[in-house]
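Secondary and tertiary structure notes
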Amino acid sequence: MRHRLKYSRSTYHQDLIYRKGNVMTTFKIPTSNFSPHPSGTFEGQIVAVEDKGQVETQFGLKPKVAIVIESETELMEGGRPYTASLWVTLSSSNKSKLYKTRASLLGRDLTPDERASFQDTELIGMRVGYQVVHREGREGGIFANVDQVWPLKQNQATTEPGREKEEELLIL
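1. Description of the confidence of the model for the protein
For residues with low pLDDT, the predicted coordinates do not support detailed interpretation. Averaged over all residues, the pLDDT of the protein is 80; the fraction at 70 or higher stands at 76%. Every residue in residues 3-17 scores below 50 in pLDDT, and together they form 27 contacts with partners more than four places removed in sequence or on other chains. Here residues 155-172 is modelled with pLDDT under 50, and outside its nearest four sequence neighbours on either side it reaches 6 contacts, counting other chains as well.

Have a look at this one:
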């Protein structure tokens, strides 16, 4: 006896089909043209700090955030800038990656208040240099990981391509 269950269709699966008490599911595998950020040293700007919630690690569940950097020096084929993320654990320890990254980018040690809390606005908009390394994932695939981040001079803000001539004309 055949029964067909009706589910809303998506690009990832089709209807379940019951055959003699066994369930057979057919999945359509999506194709991807994802291109990871190239490896090397780049300049960019921190454009977001994303809350990744509680993430399972080898040390248990840890609260994580991703500091998102948009490249100023490397563009994808379509002309959009590459982005790369530095994942860090929310920790006030002076040995944590978050603490070291914040102190380095701010150019000073953190105050007791800054150690107790973290506001995304302290980093968003900062120009940084960063190094991307490629690592193979546990299940295959290449991951572009931000390995190091350092501050760039804030007064060297980059202009949009083509705007420097426009700004020169305004000065004349």
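2. So, the side chain of Glu-114
Examined against the element boundaries, Glu-114 turns out to sit in helix H2 (residues 112-116). In this structure Glu-114 comes out as buried when scored by relative accessible area, which is 16%. Dropping the residues within four chain positions of it, Glu-114 is found in contact with Arg-102, Leu-106, Arg-108 and Asp-109.

3. Regarding the sheet that holds strand E7 (residues 127-136)
The 5 strands lie next to each other as E6-E5-E4-E7-E8, forming an open sheet whose pairing is antiparallel. What marks the edges here is a single partner per strand, and that holds for strand E6 (81-89) and strand E8 (142-151). Within this sheet the neighbouring strands show an average axis-to-axis angle of 35°, counted without direction. Looking at chain direction, strand E5 (residues 60-75) and E6 are connected through 8 bridges and run antiparallel. Bridging across to E6, Ile-69 finds its partner in Ala-84.

4. Examining the side chain of Arg-127
Note that Arg-127 resides in strand E7. Side-chain polar atoms of Arg-127 contact the side chain of Glu-72, separated by 3.0 Å.

5. So, helix H1 (residues 97-106)
Along H1, the residues that are buried comprise Leu-98, Tyr-99, Thr-101, Arg-102, Ala-103 and Leu-105. Looking at the packing, one finds that the buried side of H1 touches strand E4 (40-57), E5, E6, H2, E7 and E8. At the C-terminal side of H1, Gly-107 shows a positive phi close to 75°.

6. A few points about the nonpolar core
Residues Ile-46, Ile-69, Leu-105, Val-128, Tyr-130, Val-146 and Val-149 are the most contacted members of the largest nonpolar core, which totals 18 residues. Elements represented by at least two residues in this core include exactly E4, E5, E6, H1, E7 and E8.

7. Points about the environment of Val-132
Assignment of secondary structure puts Val-132 in strand E7. Looking at Val-132, the relative accessible area reads 2%, which means it is buried. Remark: the alpha-carbon pair of Val-132 and Ala-144, spanning 12 residues in sequence, is separated by 6.1 Å. Val-132 has contacts with His-37, Pro-38, Ser-39, Gly-40, Phe-42, Ala-84, Ala-144 and Asn-145, leaving out every residue within four places of it along the chain.

Here is what the cut-offs are and how they apply
Residues numbered from 1 in each chain as written. Predicted model: local features only at pLDDT ≥ 70, side-chain atom pairs only at ≥ 80, totals over all residues. Heavy atoms only, no water. pLDDT = per-residue confidence, 0-100. Contact = heavy atoms within 4.5 Å. Helix = DSSP H or I, 4+ residues; strand = E, 2+ residues; numbered from the N terminus. Buried < 20%, exposed > 50% of the residue type's maximum accessible area, 1.4 Å probe, protein only. Pairing = 2+ DSSP bridges. Axes fitted to C-alpha atoms, helices over the stretch in contact; angles between N-to-C directions. Polar contact = N/O pair within 3.5 Å; in protein donor to acceptor, adjacent residues only side chain to side chain. Core = buried A, V, L, I, M, F, W, Y, C linked by side-chain atoms within 4.5 Å.

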